[in-house]
Amino acid sequence: KQHFVSLGDGVGVDVLLGKNGFVWLQRTIPSEWQTSMQKSVEEIDAPLAETLQKLRQRHAATEVLPDERETICRVRNSIEALRMVHCGITPQTIMSVYSKSIKSQIELRDMLTSEGIVTITQPTRVQQ
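Counting restarts for each chain, with residues numbered from 1 along the sequence as it is written. Side-chain atom pairs in this predicted model are given and counted only at pLDDT of 80 or more, local residue features only at pLDDT of at least 70, and totals for whole chains, interfaces and linings cover all residues. Hydrogens are left out, water is left out, and the side-chain values use all remaining heavy atoms of the structure.

What follows covers the overall build of the chain. Note on conventions: DSSP H or I runs of at least 4 residues are helices, E runs of at least 2 residues are strands, and numbering of each starts at the N terminus. Check the secondary structure of the chain and you find five helices and three strands. Listing the helices and strands of the chain from first to last along the sequence gives β-β-β-α-α-α-α-α. Burial statistics for the chain: of 128 residues in total, 34% are counted as buried. Taking contacts inside the chain between residues at least 6 apart in sequence as the whole, the part at least 24 apart equals 49%. When the accessible surface of the chain is split by element, carbon and sulfur atoms take 52% of a total near 8500 Å². Categorising residues by exposure relies on relative accessible area from a 1.4 Å probe, with only protein chains included: less than 20% of the type maximum marks a residue as buried, more than 50% marks it as exposed, and the intermediate range marks it as partly exposed. Here, residues are in contact when the closest pair of their heavy atoms is within 4.5 Å. Reported accessibility uses the Shrake-Rupley method at a 1.4 Å probe radius. Residues are deemed covered only where the shown protein chains occlude them.

Okay, here's the thing in structure tokens:
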């Protein structure tokens, strides 16, 4: 079992929360690609599985831009900070910590320092 979530608010990161405790992150497939792929499917009548496979191959072959890497890293550090304070990892808590790290202007490298963790996880600790 697993939970696949696209983080909202323009984050552009998909998170797969595995029941086994593993977490996978990837950038979200651009909606423009999906729209153009749907149009081509309608024109050539290609099977859906084949179309999705081509979309995933294109996504995997496209270089990850530096700002996308930074966003993925910020999400990863948010998840790690939640783990360190023994807080449940849900899409809501991830987004809460992610948003707090941006609002507090905390650098990526400082998110996992003791001060950074206390600051960014504060909203989730209040909810418990």
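What follows covers the nonpolar core. Core analysis: the biggest nonpolar cluster contains 20 residues, and Leu-7, Val-11, Val-13, Val-15, Val-75, Ile-94 and Ile-120 have the highest contact counts within it. Top contributing element to this core by residue count: helix H3 (residues 66-84), with five residues. Filtering out sequence-adjacent residues up to four positions away, Leu-7 remains in contact with Gly-12, Val-13, Val-15, Val-75, Pro-91, Ile-94 and Met-95. By nonpolar core is meant a set of buried Ala, Val, Leu, Ile, Met, Phe, Trp, Tyr and Cys residues that side-chain atoms within 4.5 Å join together.

A carboxyl oxygen of Asp or Glu within 4 Å of a side-chain nitrogen of Lys or Arg is what we treat as a salt bridge. A complete count under the given rule lists two salt bridges for this structure. Here Glu-68 and Arg-27 are joined by a salt bridge, their closest N and O atoms 3.4 Å apart. Residue Glu-68 is located in helix H3, and its partner Arg-27 is located in strand S3 (residues 23-27); the two are separated by 41 residues in the primary sequence. On the accessibility criterion, Glu-68 (24% relative accessible area) is partly exposed. Glu-80 is paired through a salt bridge with Arg-83; the nearest N and O atoms lie 2.5 Å apart. Of this pair, Glu-80 and Arg-83 are both found in helix H3, three residues apart, which corresponds to roughly one turn of the helix.

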